[in-house]
Amino acid sequence: MNINGIDFSSTEYWLLKRFVDCYDSNGDVTDVTEDRFGDPYATGVMDPVFRSLVSKGLIEGTVSPECIRLTAINQLGLDCVHDHEKDKVAKEEAVKEQRAHDYKVGAAGVLGGAVAGGLVSLAVNWLQGFVAP
């Protein structure tokens, strides 16, 4: 995915969003860590993703054998997540509006068809009264 001209993998965006959500909830991101001793299967899994976010200038942090520690989220990182969320909400609203329009058009079509069918039936019955003895 590309947000504000920066290419993201889904994992990079997920991790950045996790950091930004923490920042938005309390304004402090220094406590966001991934404990290496709590889950031995996750050891080192996020290292490349974390390093990639640091290299893109979205976050600042350190990676050690014991943990991943985020020290700051740069404004670019905040903007990327906030802009993506705004775009997602706008797209969802556009889809809702389009669906509402489609339902209105469909309902008008059904109603119009029923009225036209009724008028044609009346016209045919009326004309049959002139033709039939």
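Everything here concerns the structure above.
The following paragraphs examine the structure supplied in this document. The numbers attached to residues start from 1 for each chain and follow its sequence in the written order. A pLDDT threshold of at least 70 governs which residues receive local features in this predicted model, and a stricter bar of 80 or more applies before side-chain atom pairs are shown or counted, although totals over entire chains, interfaces and linings include all residues. Only hydrogens and water are set aside when side-chain values are computed; all heavy atoms of the structure are taken into account.

1. Observations regarding the nonpolar core
Item 1. The term nonpolar core refers to a set of buried residues drawn from Ala, Val, Leu, Ile, Met, Phe, Trp, Tyr and Cys, joined through side-chain atoms within 4.5 Å. Only protein chains enter the accessibility calculation, which uses a 1.4 Å probe; a residue is then buried when its area is under 20% of its type maximum, exposed when over 50%, and partly exposed in between. In terms of nonpolar packing, the biggest core is built from 18 residues, with F8, L16, L58 and I59 touching the most fellow members.
Item 2. Helix and strand labels come from DSSP, where a helix needs a run of H or I of at least four residues and a strand needs a run of E of at least two; each type is numbered from the N terminus. Mapped by element, the contributors of at least two residues to this core are α1 (10-26), α2 (47-55), β5 (67-73) and α3 (75-131).
Item 3. Tallying contributions element by element places α1 first for this core, with five residues.
Item 4. Contact criterion: two residues are considered in contact whenever any of their non-hydrogen atoms come within 4.5 Å of each other. Sequence-distant contacts of L16, defined by excluding residues within four places in its chain, comprise F8, L53, L58, I59, G77, C80 and V81.

2. Some words on the packing of aromatic side chains
Item 1. Ring pairs are drawn from Phe, Tyr and Trp, using the six-membered ring of Trp, whenever the two centres fall within 6.5 Å, and their geometry is named by plane angle: stacked under 30 degrees, edge-to-face over 60, tilted for the rest. Counted under the stated rule, the structure contains two aromatic pairs.
Item 2. Arranged with centres 6.3 Å apart and planes meeting at 85 degrees, the rings of F8 and Y13 form a pair that is edge-to-face.
Item 3. Using a relative accessible area of 5% as the deciding quantity, one classes F8 as buried.
Item 4. Between F19 and F50, the ring centres sit 5.9 Å apart and the planes meet at 90 degrees, which makes this aromatic pair edge-to-face. Of this pair, F19 sits in helix α1 while F50 sits in helix α2, and the two are 31 residues apart along the sequence.

3. A look at the side chain of E12
Item 1. With respect to the helices and strands, the residue E12 is situated in helix α1.
Item 2. Assessed through its relative accessible area of 9%, E12 is described here as buried.
Item 3. Among the polar contacts listed, one links the side chain of E12 to the backbone nitrogen of S9, at a separation of 2.9 Å. A 3.5 Å cut-off defines polar contacts: any pair of N or O atoms within that distance qualifies, except that in protein one atom must be a possible hydrogen donor and the other a possible acceptor, and neighbouring residues in sequence count only when both atoms are side-chain atoms.

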